[in-house]
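For reference, the chains in residue letters:
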Amino acid sequence: MSCASCAVRVDKTLNNLPGVVSAHVNYASATVQVAYSPEECSPEELKRAVQAAGYDLRTDAEGPAEDEAERARAAHYWELKRRTLWAVGLCLPIVAGGMLFMDSPAVKYALWVLSTPVVFGLGRGFFVNAWNQLRHMSANMDTLVAVSTGIAYLFSLFNLFFPEFWLSRGIEPHVYFESAAVIVAFILLGRLLEERAKRGTTTAIAKLMGLQPKTVTVITPSGERSVPVAELRRGDLVAVHPGERIAVDGTVTEGASYVDESMLSGEPLPVCKQEGAAVFAGTMNGNGAFRFRADKVGRDTVLARIIRMVRDAQGSKAPVQRIVDRIAGLFVPAILLLAVLTFAVWMFLAPEEGFTRGLLAMVTVLIIACPCALGLATPTALMVGIGKGAEAGILVKDAASLEVARKVDTVVLDKTGTLTEGRPSVVDAAWTEGAETARRILFSLEKRSGHPLSQAVVESLGGEREVPVTEFESLPGLGVRGVAEGRTWYAGNDALLARCGIVPDARLRQLAEGWVREAKTVIWLADGERVHAVLALADALKPSSAEAVARLHALGITVWMLTGDNVGSAHETARKVAITRFRAGVLPHEKAEFIRQLQSEGRTVAMAGDGINDSAALAQADLSVAMGRGSDIAMDTSMVTILASDLRKIPEMIRLSHLTVRTIRQNLFWAFIYNLVAIPVAAGALYPLWGFLLDPMIGGAAMALSSVSVVTNSLRLKRRRIGGERVCDEPVKTEKNMKKEFIVEGMMCHHCRAHVEQALNALEGVKAVVTLDPPVAVVEFSGPEIGLGELQKAVAERAGEYTLRER
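To keep things clear, this report deals only with the structure shown in the data block. Note that the structure is predicted; figures quoted are calculated from it, not measured.

1. As for the nonpolar core
Then, in step 1: In this structure, I335, L413, I579, L623, V625, I650 and M653 are the most contacted members of the largest nonpolar core, which totals 125 residues.
Then, in step 2: In terms of residue count, the dominant contributor to this core is helix α26 (residues 649–683) (twelve residues).
Then, in step 3: In terms of nonpolar packing, the next biggest core, distinct from the first, is built from 24 residues, C272, C752, A777 and V779 among them.

2. Observations concerning the packing of aromatic side chains
Given two aromatic rings, one states the distance between the centres and the angle between the planes to describe the pair.
Then, in step 1: The tally for this structure, following the rule as stated, stands at ten aromatic pairs.
Then, in step 2: With a centroid separation of 5.6 Å and an interplanar angle of 70 degrees, the aromatic rings of Y153 and F177 are classed as edge-to-face. Here the residue Y153 occupies a position in helix α6 (residues 141–161), and F177 occupies one in helix α8 (residues 177–201), the gap between them amounting to 24 residues.
Then, in step 3: When the centroid spacing of 5.4 Å and the interplanar angle of 40 degrees are considered together, the rings of F158 and F162 count as tilted.
Then, in step 4: The rings of F120, F127, Y153 and F177 are connected pair by pair, giving a single aromatic cluster.

3. Section: the sheet that holds strand β18 (residues 531–541)
Then, in step 1: Read across the open sheet, the six strands follow the order β13-β18-β17-β16-β15-β14; overall the sheet is antiparallel. This sheet does not close on itself; its edge strands, each paired only once, are β13 (420–431) and β14 (470–475). Between one strand and the next, the sheet's axes are offset by a mean angle of 15 degrees, whatever the strand orientation.
Then, in step 2: Note: strand β16 (residues 487–492) against strand β17 (residues 521–527), four bridges, orientation antiparallel. In the strand pairing of β17, A491 is matched with L525.

4. A word on the pattern of salt bridges
Then, in step 1: Counted according to the given criterion, the structure contains 21 salt bridges.
Then, in step 2: Its salt-bridge partner being E466, residue R448 comes within 3.0 Å of it at the nearest N-O pair. In this pair, R448 is assigned in the loop between α17 (435–447) and α18 (452–460) and E466 in the loop between α18 and β14, connecting sequence segments 18 residues apart.
Then, in step 3: Judged by its relative accessible area of 34%, R448 falls in the partly exposed class.
Then, in step 4: For E466, a relative accessible area of 34% gives the class partly exposed.
Then, in step 5: Members of the salt-bridge network, linked through shared partners, are E547, R551, D646, R648, K649 and E652.

5. Re helix α15 (residues 399–407)
Then, in step 1: Within α15, burial applies to A399, S401, L402, A405 and R406. Along the axis of α15, the buried positions cluster into a sector of 160 degrees, meaning they face one direction only.

6. Some remarks on the sheet that holds strand β23 (residues 640–642)
Then, in step 1: Taken in spatial order, the seven strands make up an open sheet running β11-β23-β22-β21-β12-β19-β20, and their pairing is mixed. Both outer strands of the open sheet, β11 (394–396) and β20 (581–583), are each paired with one neighbouring strand and no more. Sheet twist, expressed as the average angle between the axes of neighbouring strands with direction ignored, equals 20 degrees.
Then, in step 2: As defined by bridge partners, strand β12 (residues 410–414) adjoins strand β21 (residues 605–609) across four bridges and the pair is classed as parallel.

7. Points about a nonpolar patch on the surface
Then, in step 1: Together, I323, I327, F669, F672, I673, L676 and V677 make up an exposed nonpolar region whose accessible area comes to about 620 Å².
Then, in step 2: Within the residue set of the nonpolar patch, elements represented by two or more residues are α12 (319–349) and α26.
Then, in step 3: Per-element tally for the nonpolar patch: the top contributor is α26, with five residues.
Then, in step 4: Positionally, F669 belongs in helix α26.
Then, in step 5: Take F669: its relative accessible area is 56%, and that puts it in the exposed class.

8. A word on helix α21 (residues 545–554)
One turn of an α-helix holds 3.6 residues; hence residues three or four places apart share an orientation.
Then, in step 1: When we look at burial in α21, the residues that qualify are S545, A548, V549, R551 and L552. An end-on view of α21 places all buried positions within 160 degrees of arc, on one side of the element.
Then, in step 2: The inward-facing, buried residues of α21 contact β12, α16 (415–419), β18, β19 (558–562) and α26.

9. Remarks on the pairing of strand β10 (residues 289–296)
Then, in step 1: Looking at chain direction, strand β5 (residues 237–240) and β10 are connected through four bridges and run antiparallel. In the strand pairing of β10, A239 is matched with R291.
Then, in step 2: Relative to β10, strand β6 (residues 249–260) runs antiparallel, the two being bridged by seven bridges. Counted as the bridge partner of G250 is A294 from β10.

About the cut-offs
Residues numbered from 1 in each chain as written. Predicted model: local features only at pLDDT ≥ 70, side-chain atom pairs only at ≥ 80, totals over all residues. Heavy atoms only, no water. Core = buried A, V, L, I, M, F, W, Y, C linked by side-chain atoms within 4.5 Å. Buried < 20%, exposed > 50% of the residue type's maximum accessible area, 1.4 Å probe, protein only. Helix = DSSP H or I, 4+ residues; strand = E, 2+ residues; numbered from the N terminus. Phe/Tyr/Trp six-rings, centres within 6.5 Å; stacked < 30°, edge-to-face > 60°. Pairing = 2+ DSSP bridges. Axes fitted to C-alpha atoms, helices over the stretch in contact; angles between N-to-C directions. Salt bridge = Lys/Arg side-chain N within 4 Å of Asp/Glu carboxyl O. Arc of directions from axis to C-beta. Patch = residues over 30% accessible without salt bridge, like charges linked within 9 Å, V, L, I, M, F, W, Y side chains within 5 Å. Areas by Shrake-Rupley, 256 points an atom, 1.4 Å probe, with all protein chains shown as cover. Contact = heavy atoms within 4.5 Å.

Worth remembering: the numbers are spatial, not functional.
Spelled out as structure tokens, the structure:
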């Protein structure tokens, strides 16, 4: 395809085939998405139909079409570059001769000799394509170029060999060989620049495809063996060495390491992978080594699904594109008719010079008109915008979703798993004297319990040494008990303490009451005589939630929180993230009804959830956003998938949609204005006023630059920021205390995490919670803020060789 009119013709050809449900041609990427019924149609029939229309088609049914198409595009680019360089080189003496020695008969013959290989040799493709279009009773951009340069060349040839025809009529004949040659050179140059720029719009796909290694190390009975990734099968055991990329999705069976998943999720922090953890194709292993069992290979991996989603989205059409396609389909015939009309008007209004000037005006109209700018305006912006989103871990399903995102004025967030982590964790703890012994005993007791809250406690104390526990007993609704180090220990709720007649001291009781008011779950640790510790558990907020809500508010978007939890828990979560509108005790089907109610008020609603229990609400929303990698169903049905499960991606996605739609409008404005202004000027509209008639060579240059300018404007999107903007310059504060987050480097296990947390909490006025995945320390200062240097010194002295840096 050489222009937007070609894309429209291929689109119509395929859509008219029996059995084809829909076909969407993307001129910018030279691809087509076809949905068809296999009973009525086949890839071979699609190919024959496209070939009959004068084009060719490569399908996946013939093998890996992507690689072959890429090789064909590369070969075309280098051939186009060769032809352009030759054309520009030959045009230099042609232009010099035409400008300096235009009246010399010998120079006119030299111009003829030099321009012939440019027009019919280097520009042969225009004439061949124009003839193919004519055979199929169609026309495209090549038709305009071939007709205009052909007329200029033949008219000049007639004037060169038969000058007396005009001299006898008192008219001085001129030759326009340089115009024909320069037009061909400019068009070739424009297409070269256009091809180069279009290649830049597909970098997101190229980067994603480049993430998968070509070979993989498989564990066999005879040892390690390197095989092509295409030969890998489900169930194979794969070895991953330090610094290698992971080839397929799987589950770690042996070893441990940190893996950089930023290329898929956008998360900058490496993720700890131990036995049982999932790993994904395209991610980068750190300094460790491990083995994993292949679970998903080939087209089934998360990376392959992401590539398909991005490619499908880039190939989709925005609603405005359908109008542009209709215009592009009529554009070339309309320009041919307008060119003939221009010639006729000149002949009628200027009988003496009308033929020559009318011919030049007709050539200029044919050459300056540009449907390519119209055809490139929307798809290039979409390809860059959707590709930029994919690089940031935001997968947009199609162009229509991007259009809807721009109009969103209300965002509805599920609480559990969206605003919060979705699982309980220890968020506060207070210990009495002898904390070391108490920590070990609590760890040992809770490790024997299968309760979800016990698992959270074990995770928080993961670095402790286990001690022998006898007579262990689980007490339903109360907690657990067991004997350790010669004493009976209890871990559980208030009712367990009351049953055992144990009364906590005033300090611990006051702390516990405050935590209960904050909707936290309290666990006590006591022996038969006194309380040794109290812990508060809650479904902790994700570190990004408060900032994400602040960014949405800054965009003027109303934020609602819906949850099935009780009012107290919902109120506390809403308070922490500054959400003023929330509903508690809401059942899944009631969430959908609530969104319907907002829509009835004229609001455009985006719903963010996990895609499973929120499926009805997601389906009802104008824009559905699935958080995290989620299930296959969630990725397929949601309009947007956010891989990192980071709520900050929602305002980034909305900003991306604004930028992309704005770029599309800028491109369309330029494309329409260019044609609306350039065509009348080329026809001679300014001649009666100022005697100005546009030279065909200038028209060729303008046409070439119009397409390049549209693609270049789209590429500007790559440099625009969609995230990372600070909503305010103040540090994040709770009511009175200041919180800061630090990345902790060097932690490899829960033992490391516990040592770092203890070292930080040993400082006066500091309350710290350290997580292993991601390796982050959230430090709250109840008094004056302590500097990074002092925090680092405390960690080095009390915990070991760990490094803190501000997040």
